[in-house]
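Commentary on secondary and tertiary structure
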Amino acid sequence: MNKFLIFTAPSGGGKTTILKKIMSSYPQLNFSISATSRPPRNGEINGKDYYFLSAKEFKAKIKNDEFLEWEEVYQDQFYGTLKSEIKRINDNNQIPVFDLDVIGAHNLQEKYREYSKSIFIKPPSIEVLKERLINRKTEDEESLNKRLFRAKMEIEKAPCFDHVIVNDKLEVALQSVDKIVENYLSTSVL
Ligand code: ADP
Ligand code: 5GP
């Protein structure tokens, strides 16, 4: 395993927004596209945002040992990192950037501690998180409630990670993340 970066946060915490900006500044980084059995949101593209699979296809890949890690983040909704995705990024001589739920992030960090740097993106409060998820207009009521219910547990796990960045003012959060990434990349490649 080469070095890599892990981003984690509750759904709606701002990972996608922050990652899009960071990825555009560092060509040596490459976003690890996860597989998921959840349906695509409006505007999400298969093979760009996620590899969208049916639950049956996802489970077949688990059985076939095709995942580096996977989690059932919400009931009947699976998310995971395909080994083939890491190979794709390594073959390009780039550094993988993972967007993972807190459990997957914690497991990967513990397994490859000396190679990784983890960044937890923290919403200013559950109320603000709810407001942002509602404004994003991507979740129905059931999905919104699932995300908010899990967010409480996820926020409690923040101290497990190397850095905790509060995403209140976006520009401030972006600057802090940028500093961490720049610093990480400037240290010698393991
Ligand atoms: P995630 O990828 O973690 O689920 P998103 O990046 O989609 O989260 O962010 C959730 C919503 O909140 C999006 O609509 C995004 O535009 C908005 N958002 C993200 N960061 C901020 C911020 N600092 N201030 C206000 N809105 C934000
Ligand atoms: P969303 O449905 O909002 O895109 O993602 C829900 C949660 O799943 C987020 O916390 C996101 O970080 C997490 N997630 C996305 N891809 C993966 C993955 O490959 N593995 C794990 N463990 N979690 C993932």
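What comes next is a walk through the structure. (Residues numbered from 1 in each chain as written. Chains lettered and ligands numbered in written order. Predicted model: local features only at pLDDT ≥ 70, side-chain atom pairs only at ≥ 80, totals over all residues. Heavy atoms only, no water.)

1. Description of the site of ligand 1
- Taken together, 13 residues surround ligand 1, and among them G12, T16, T17, R136 and N167 come closest.
- In this structure, a nitrogen atom belonging to ligand 1 sits 3.2 Å away from a side-chain N or O atom of R132.
- One of the backbone nitrogen or oxygen atoms of D168 is found 2.9 Å away from a nitrogen atom of ligand 1.
- In isolation ligand 1 exposes 560 Å². Once the protein is present, 74% of that is buried.
- Listed by contribution, the elements that provide at least two residues to the shell around ligand 1 are α1 (15-25) and α5 (126-136).
- At 3 residues, α1 tops the list of elements feeding residues into the shell around ligand 1.
- Of the residues in the shell around ligand 1, the class split is 2 nonpolar, 7 polar and 4 charged. (Near = heavy atom within 4 Å. Polar contact = N/O pair within 3.5 Å; in protein donor to acceptor, adjacent residues only side chain to side chain. Areas by Shrake-Rupley, 256 points an atom, 1.4 Å probe, with all protein chains shown as cover. Helix = DSSP H or I, 4+ residues; strand = E, 2+ residues; numbered from the N terminus. Nonpolar A, V, L, I, M, F, W, Y, C, P; charged D, E, K, R; others polar.)

2. Some thoughts on helix α4 (residues 102-111)
- V102, G104, A105, L108 and Q109 are the residues of α4 that are buried. End-on, the buried residues of α4 take up no more than an arc of 160 degrees, which puts them together on one face.
- Buried residues belonging to α4 abut β1 (4-8), β5 (67-74), β7 (95-100), β8 (116-122) and α6 (141-156).
- The opening residue of α4 is D101, an N-cap whose side-chain oxygen sits 3.1 Å from the backbone nitrogen of I103. (Buried < 20%, exposed > 50% of the residue type's maximum accessible area, 1.4 Å probe, protein only. Arc of directions from axis to C-beta. Contact = heavy atoms within 4.5 Å.)

3. Quick notes on the pattern of salt bridges
- Inspection of every chain in the model, using the stated rule, returns 14 salt bridges.
- Ionic pairing is found between R41 and E44, a salt bridge with its closest N-O pair at 3.8 Å. Comparing R41 with E44, the two get one shared label, buried.
- Residue R136 is joined to E139 by a salt bridge in which the shortest nitrogen-to-oxygen separation is 3.1 Å.
- By relative accessible area, E139 is classed as buried at 17%. (Salt bridge = Lys/Arg side-chain N within 4 Å of Asp/Glu carboxyl O.)

That's the geometry; what it means functionally is another story.
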